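Observations on the model geometry
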Amino acid sequence: MAQKLRILQPSLVFRMNRLLGVYTRRFISQRKACQRTTKLAAGSLAFLLAGTPLLTAAAAGTAAAEASSQLRPWREYRTIMWVGDSASKRPDKLPLFYQRLREMGINTAMVYGDADPQPLVANHFPYYVENIINRGLCLKWNSKVGDWDKFVTEWANTGRPEAALVRDYCLDDPAWLGWARQEMQTVVRKNREHEPLAYNIRDELSTTLSANPFDYDFNPLTLGKFREWLKTQYPGLGALNAEWETRFGSWDEVKPFTTDQIKNRMASGDALPRGKPDWQQLERLKFEPQAARQSPTRWNLSPWADFRAYMDLSLAWALEEMRRAAHEIDPRTPVGIEGTQMPHAFGGYDLWRLSQVLDWVEPYDIGDAREIFGSFMPGKPILTTVFEKDTNPARRRLWHLLLEGDRGCIVWWSEDCLDWQSEDYRLTPKARALAPVLKEMTSPLARLFLGAERARDPVLIHYSQPSIQVDWLLESVVDGSTWLRRFSSFEADHNRLARTRDAWLKDLQCLGYSPRFISSEEIERGGLKQAGKAVLVLPESGALSDKELAEIESFAGTSRSGKVWHEVLREGDAGLFDEHGKLRAGGKMATDGSAMPAGADRQTRREWLAGKLRAMPPEIAVPANACVRSHRFRISGGQLVAFERLIDYRMSEDLKQAGGNEALEKPVEVEATLPQPMHVYDLRAQRYLGHTDRLHFTLDPWQPSLFAVLPDKRDAASIVDALLQEQP
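Residues numbered from 1 in each chain as written. Predicted model: local features only at pLDDT ≥ 70, side-chain atom pairs only at ≥ 80, totals over all residues. Heavy atoms only, no water.

**Section: the overall build of the protein**
For the record, the criterion: Numbering goes from the N terminus for both helices and strands, where a helix is a DSSP run of H or I of at least four residues and a strand is a run of E of at least two. Each residue is assigned to one of three classes by its accessible area relative to the maximum for its type, calculated with a 1.4 Å probe on protein chains only: buried under 20%, partly exposed between the two thresholds, exposed over 50%. The protein chains shown are the only cover counted for residues, whose accessible areas, like all others here, come from Shrake-Rupley with a 1.4 Å probe.
Helix and strand counts for the protein stand at 25 helices and 21 strands. Residue burial in the protein is summarised as follows: out of 728 residues, 63% are buried. Looking at the protein as shown, the accessible area adds up to about 26,800 Å², and 51% of this sits on carbon and sulfur atoms.

**Let's talk about the pattern of salt bridges**
Stated precisely, the cut-off is as follows: For this document, the term salt bridge refers to a Lys or Arg side-chain nitrogen within 4 Å of an Asp or Glu carboxyl oxygen.
Throughout the structure, instances matching the rule amount to 50 salt bridges. The partner of R100 in a salt bridge is E103, and the shortest N-O contact between them spans 2.9 Å. Here R100 pairs with E103, and both are found in helix 4 (residues 94-104), just three residues apart, close to one helical turn. On the basis of relative accessible area, R100 is assigned to the buried category, the value being 12%. Accessibility expressed as a relative area gives 35% for E103, which makes it partly exposed.

**A closer look at the pairing of strand 18 (residues 638-645)**
The cut-off we apply is this: Here, strands pair whenever DSSP counts at least two bridges between them.
Of all eight residues in strand 18, eight are buried; the element is thus mostly enclosed. Two strands pair when backbone bridges link them, and strand 17 (residues 628-635) and strand 18 are joined in this way by eight bridges, in the antiparallel orientation. Residue V628 lies in a different strand from strand 18, and its bridge partner there is R645. In textbook terms, the turn of a hairpin is the stretch between consecutive antiparallel strands, and for strand 17 and strand 18 this stretch comprises two residues, one of which, G637, has a positive phi near 80°.

**Structural notes on the nonpolar core**
The nonpolar side chains of a soluble globular protein tend to be buried with one another. Defined as follows: Side-chain atoms within 4.5 Å link the members of a nonpolar core, which is a set of buried Ala, Val, Leu, Ile, Met, Phe, Trp, Tyr and Cys residues. Whether two residues are in contact is decided by their heavy atoms, any of which lying within 4.5 Å being enough.
Counting 180 residues, the largest nonpolar core has W176 and L683 as its most contacted members. A per-element tally of this core places helix 13 (residues 302-329) first, with 16 residues. The contact partners of L683, leaving out residues within four places of it in the chain, are L445, L448, F449, L640, L706, F707, A708, I719, V720 and L723. A626, V641, M678 and L695 belong to the second-largest nonpolar core, a separate cluster that totals 17 residues.

**What about the packing of helix 16 (residues 391-404) against helix 17 (residues 429-440)?**
Just so we agree on the cut-off: Angles shown run from 0 to 180 degrees and are taken between the N-to-C directions of axes, each axis being a line fitted to C-alpha atoms and, for helices, limited to the stretch in contact. When an angle is under 35 degrees it counts as roughly parallel; over 145 it counts as roughly antiparallel; between 65 and 115 it counts as roughly perpendicular; any other value is oblique. Two helices crossing with the near one rotated counterclockwise from the far one by less than a right angle form a left-handed crossing, whereas a clockwise rotation gives a right-handed crossing. Residues are sorted three ways: Asp, Glu, Lys and Arg are charged, Ala, Val, Leu, Ile, Met, Phe, Trp, Tyr, Cys and Pro are nonpolar, and all the rest, Gly among them, are polar.
Packing of helix 16 against helix 17 brings their axes to within 8 Å, and their N-to-C directions diverge by 25°. Considering the angle they form, helix 16 stands roughly parallel to helix 17. Note that helix 16 runs across helix 17; the crossing there is right-handed. Here T391, A394, R395, L398 and W399 of helix 16 come into contact with helix 17, specifically with A433, L434, P436, V437, L438 and E440. Its residues placed into classes, the contact of helix 16 with helix 17 shows eight nonpolar, one polar and two charged.

**Quick notes on the packing of aromatic side chains**
So the rule is basically this: Classification of ring pairs rests on two measures: the distance between centres of Phe, Tyr or Trp rings, Trp counted by its six-membered ring, which must be within 6.5 Å, and the angle between planes, read as stacked under 30 degrees, edge-to-face over 60 and tilted in between. Either the NZ atom of lysine or the CZ atom of arginine qualifies as a charge over a ring when it sits within 6 Å of the ring centre and within 35 degrees of the ring normal.
Counted under the stated rule, the structure contains 38 aromatic pairs. Each ring, one from W155 and one from W483, has its centre 6.3 Å from the other, and the planes form 75°; the classification is edge-to-face. Taken together, the residues W155 in helix 6 (residues 148-157) and W483 in the loop between helix 19 (465-475) and helix 20 (488-494) connect sequence positions 328 residues apart. Look at W155 and you get buried, because its relative accessible area is 5%. Judged by its relative accessible area of 0%, W483 falls in the buried class. Pairing F643 with F697 gives two aromatic rings, centres 5.0 Å apart and planes at 40°, and the pair type is tilted. Highlighted residues: F643 in strand 18 and F697 in strand 20 (residues 687-699), separated in sequence by 54 residues. Residue class for F697 comes out buried when judged on its relative accessible area of 9%. Here the aromatic residues W148, F151, W155, F214, Y216, W304, F346, W472 and W483 are joined through ring pairs into a cluster of three or more. Sitting over the ring of Y425, K93 keeps its end group 4.2 Å from the ring centre.

**Comments concerning the environment of E671**
Put simply, the test is: For this analysis, a polar contact is any N or O atom pair within 3.5 Å, provided that within protein one partner can donate a hydrogen and the other can accept it, and provided that sequence-adjacent residues contribute only side-chain to side-chain pairs.
Its location among the elements puts E671 in strand 19 (residues 668-682). For the pair E671 and L695, spaced 24 residues apart in sequence, the C-alpha separation works out to 5.4 Å. When near neighbours in sequence (up to four residues on either side) are disregarded, E671 contacts A621, V622, P623, R694, L695 and H696. Within the structure, E671 has its side chain in polar contact with the side chain of H696 (distance 3.1 Å).

**So, helix 4**
Inspection of helix 4 places L94, L96, F97, Y98, R100, L101 and M104 among the buried residues, and these make up the whole buried set. A positive phi of about 100° marks G105, the residue just after helix 4.

**A word on the sheet that holds strand 9 (residues 383-386)**
Sheet architecture is open: three strands sit in the order 3-10-9, paired in parallel fashion. Strands at the two margins of the open sheet, each flanked by one partner only, are strand 3 (78-81) and strand 9. Adjacent strand axes in the sheet meet at a mean angle of 25°, parallel and antiparallel pairs treated alike. As judged from the four bridges shared by strand 9 and strand 10 (residues 408-411), these two strands associate in the parallel manner. Bridge assignment links V386 to a residue of strand 10, and that residue is V411. Packed on one face of the sheet, helix 16 meets strand 9 and strand 10 and runs near 175° to strand 9.

**Remarks on empty space enclosed by the protein**
What counts here: Buriedness for pockets is judged along seven lines, at least five of which must meet protein on both sides within 12 Å for an open set on the 1 Å grid over protein atoms alone, while cavities are sets there where a 1.4 Å probe fits but cannot get out, and lining residues have an atom within 4 Å of a point. Grid points are joined across faces, edges and corners, and a volume is the space filled by probe spheres set on the points.
Quantified by volume, the largest cavity comes out at close to 130 Å³. Residue lining of the largest cavity: 17 residues in total, with E371, H400, K506, R629 and Y649 positioned closest to the centre. At the level of elements, helix 15 (369-376), helix 16, helix 21 (496-510) and strand 18 are the ones that each hand at least two residues to the lining of the largest cavity. Taken together, the residues of the lining of the largest cavity sort by class into five nonpolar, two polar and 10 charged.

**So, the pairing of strand 7 (residues 335-340)**
With respect to burial, strand 7 is a largely interior element, six of its six residues being buried. Bridging between strand 6 (residues 199-203) and strand 7 involves three bridges; their strand directions are parallel. Looking at the pairing, N200 lines up with G336 of strand 7.

**Points about the sheet that holds strand 12 (residues 459-463)**
Taken in spatial order, the five strands of this open sheet run 13-12-14-15-16, and their pairing is parallel. Looking at which strands have only one partner, the edges of the open sheet turn out to be strand 13 (516-519) and strand 16 (594-595). Across three bridges, the pairing between strand 12 and strand 14 (residues 534-539) is parallel. Counted as the bridge partner of L460 is L536 from strand 14. Packing against the sheet, helix 24 (residues 602-612) makes contact with strand 15 (566-571) and strand 16, and its axis sits at approximately 160° to strand 15.

**Description of the side chain of D368**
The topology assignment puts D368 in the loop between strand 8 (360-363) and helix 15. On the accessibility criterion, D368 (7% relative accessible area) is buried. Residues within four places of D368 in sequence aside, it is in contact with A498, R501, D502, L505 and K506.

**A closer look at helix 16**
Let me state the cut-off plainly: Take the number of residues in a helix, subtract one, and multiply by 1.5 Å to get its expected span.
For helix 16, which comprises 14 residues, the first-to-last C-alpha distance of 20 Å matches the rise-based estimate of 20 Å (1.5 Å per residue) to within 8%. Where burial is concerned, most of helix 16 is hidden: 11 out of the 14 residues are buried. When helix 16 is considered as a whole, its buried residues turn out to be A394, R395, R396, R397, L398, W399, H400, L401, L402, L403 and E404. Following helix 16 by one or two positions, G405 adopts a phi angle in the positive range, close to 120°.

If you want it as structure tokens, here you go:
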């Protein structure tokens, strides 16, 4: 089968305490780190895993908020260069190297792991620390499974042994955690006094590799901690057996189903099937809700889904402990990760869970990951990698992301930005093409938008990790025994739930709304208790907890009572499964909501959606057929407004951008309607457009049109500087 990818679910429980290019990016400088031998500090974190009390996610969120309050403010847009080895080969020319970076528009560089930061300090060049934990988090390096395709092929050809399901590095191992904690603190101590921009724990980390499917980790340590966690999810062993349809006699016997085992249950319909799955039978299997209720055991996925959820948590817990270790030494510098994957049932990619343990993140924008992280990490720095070599594409995407809230970018990489064979380190054509864009991103105009408060609409798109898990099992039945080859590269383009989620996001944005994502946990905590009009979108939200169902029913009931207008919109049946992945006997949720017409094309979808949202029109109206997206920002006494083409931004792991946007790469005439007449200014031209409720302009496909909408008339020639001075 073609190569393919996945992600997972959260829980209420929390615990104390990046083609040649992208892989090269990590590999070139990483070889040195990989060659080092560092002893694992056995036992130094035994307290974490031997009886450490579990902490609820709410408490963890409080702790994270307290830690964030101590961080240095990140007020400027940071243009960062990912630095390769060539610069360090000529120490005498380092001042020239940094001079060329400044000429290019770079204001921040990089130190790799425990390397010496003094050359940067001596040249007064800000920096961040890259890839501190180089063993255990990214199995591309220092592991036996770096060649993943070879590894899984051999596994399948040798009988799919369960013994191979033990990860090279156990995330629950006190020895590895102790070493990682010590490594973090050693590097932080070396850099703390220089106030680095940020610490990057690791890039392209995963419990598997990327978000490729595999049943890690059956290490006895992990299984033991999994059982401890299960005790916090079920009132007793009997309740677990009832949910899983198993017959464990003691907690020590409890063991999750592998993917082969859960597919055997799906193919056979037996609770405890023996032998290997009938793969042909599985490939013929189709999930139809009415028929499924006649064979509910076949669709009880909980013995597998609970372990997927736990592995999400295991990664998040490890990252939280490393962040905590860093903050014990340096509480002012943010700690995060790079090169994250799309939301998935494998790899540890529950984006809600990850967002709660990070101070900053650089996501690969796959499966709307950037939008999702932006919803879950408001106010926290989000970065992107610059892979473009030409001016216009770079300008378009970096402005788009700044309007989304990005606070910087990482240019990949110094090796092709400078001519290392020339004595004067000339800038390459790529560097000269990027220079005007990088300088624009730190201009007063960009700073004005960076410092403004982004406005969101009360339009909430459900993010459900349990639904992502269940969906993966349902989608992968057609693969039979080749499910292990549903690599990330396939899933990014073919996963149906991801396409559905993205369609809702793009439809809403095209209609003029600025939606955000809401997690299952936020709903359970009362996040739907909106004071005014609001919309909840359930995009293939097949698995919901009882608490979620109750909160959604209450949300919809408020509207039925006439108190306030609330609307529940959905695609696919919602709540057929519980949060553990078990098919509900009673069927879907009571509040059915309004269903998107099945098989509707893009125009039909948007016409239907516009009709459903007629009671809550967008604040700024733009014709839907224009394919224009608007952004609104609050400033003292008025608004900033930006318009851009609704481009499909999807970055894959090989740093290639999705195509298909050629029709949008032409200027378009736009008329936007404001809610009331205001004084309007073209911020790029610094020109007064009049007191009006209509905006007529030509939208450049390569850069946004930017306006100020104010209640009073100002001097247009100095409008940008004046508004900047009024920002807090």
